[in-house]
Amino acid sequence: RARLVAVGCLAVLSLRLDDLQLQEALQTLFQRRREQILQRLGASRADKPYRLSDFASASPSMQRFIEIVRRVVSTDSALLILGETGVGKERLARAISAESPRHSGPFIAINCAALPEHLLESELFGHEEGAFTGAMRTRRGYFELAHRGTLFLDEVGELPTHLQAKLLRVLEDHQVLRVGAERPIE
């Protein structure tokens, strides 16, 4: 297995997986590959960057909201953006990131509801080699990959309660503990 991963395989799946586990694993692999391709495309495009000035409204409440966002953009704070599907939460997060001190770092958007529950912790926080069956090497999670940038967690309310608690710990302490690790990472 380690040789296959070392030469570029995305994963090595066991024949002992039941249909549901296989389906979830393949969906995760397809989503990860799609995200990689989209990130590469986004990095290679010369598109106009996202800006807070893109959000114009005649609504006084929306204007007040954007003014609050403008005050927060220069801080190093975790933000919770609430809204219905399709209102532009990710677009707003990208604009905030683009105008923040973290603008030169990566912007990683993750749909928490799309990740299989048994992989969520490893995907978000990473894991150490041997932490569980199939963990053939150490892997950085999305928090580490987004270091000095922005991690946008869409559908964060869909995370299981125990992972929401671990997420809160990361936000408070600014440290990530990989699955199977003994020491946290700043």
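The structure this text deals with has already been given above.
Criteria and thresholds
Residues numbered from 1 in each chain as written. Predicted model: local features only at pLDDT ≥ 70, side-chain atom pairs only at ≥ 80, totals over all residues. Heavy atoms only, no water. Phe/Tyr/Trp six-rings, centres within 6.5 Å; stacked < 30°, edge-to-face > 60°. Helix = DSSP H or I, 4+ residues; strand = E, 2+ residues; numbered from the N terminus. Buried < 20%, exposed > 50% of the residue type's maximum accessible area, 1.4 Å probe, protein only. Expected span 1.5 Å × (residues − 1). Arc of directions from axis to C-beta. Contact = heavy atoms within 4.5 Å. Core = buried A, V, L, I, M, F, W, Y, C linked by side-chain atoms within 4.5 Å.

Undergrad: Honestly, the packing of aromatic side chains in this entry has me stumped. Any pointers?
TA: What describes a pair of aromatic rings is the distance from one ring centre to the other and the angle between the planes of the rings. The tally for this structure, following the rule as stated, stands at two aromatic pairs. Aromatic pair Phe 107 and Phe 152: ring centres 6.4 Å apart, planes at 20°, arrangement stacked. Of this pair, Phe 107 sits in strand β1 (residues 107-111) while Phe 152 sits in strand β2 (residues 150-154), and the two are 45 residues apart along the sequence. By the burial criterion, Phe 107 is buried, and Phe 152 matches it. Ring centres 5.5 Å apart and planes at 5° place the aromatic pair Phe 125 and Phe 143 in the stacked group. Note that Phe 125 is positioned in helix α5 (residues 117-125) and Phe 143 in helix α6 (residues 142-145), a separation of 18 residues in sequence. No difference in accessibility class separates Phe 125 from Phe 143, as the two residues are buried.

Undergrad: Sorry if this is basic, but what is going on with helix α7 (residues 161-173) here?
TA: Side chains three or four residues apart in an α-helix point the same way, a direct result of the helix having 3.6 residues per turn. With 13 residues, α7 should reach 18 Å at 1.5 Å per residue; the first-to-last C-alpha distance of 18 Å fits that figure. Residues of α7 that are buried include every one of Leu 163, Lys 166, Leu 167 and Val 170, and no others. The buried residues of α7 occupy an angular sector of 105° when projected down its axis, which confines them to one face. Facing away from the buried side of α7 by over 90 degrees, the exposed positions are Thr 161, His 162, Arg 169 and Glu 172. On the buried face of α7, the contacting elements are α5, α6 and β2. Following α7 by one or two positions, His 174 adopts a phi angle in the positive range, close to 55°.

Undergrad: Looking at this structure, I do not really get the nonpolar core. What am I missing?
TA: One recurring pattern in soluble globular proteins is that nonpolar side chains are buried together. Judged by nonpolar contacts, the single largest core of 16 residues is most densely connected at Ile 110, Leu 124, Phe 125, Tyr 142, Phe 143, Leu 153 and Leu 159. Of all elements in the fold, only β1, α5, α6 and α7 reach the threshold of two or more residues within this core. Apart from residues lying up to four places away in sequence, Tyr 142 is in contact with Glu 35, Ile 108, Ile 110, Leu 115, Glu 123, Leu 124 and Leu 151. Core analysis: the second largest hydrophobic core is formed by eight residues, Leu 52, Ile 66, Val 69 and Leu 92 among them.

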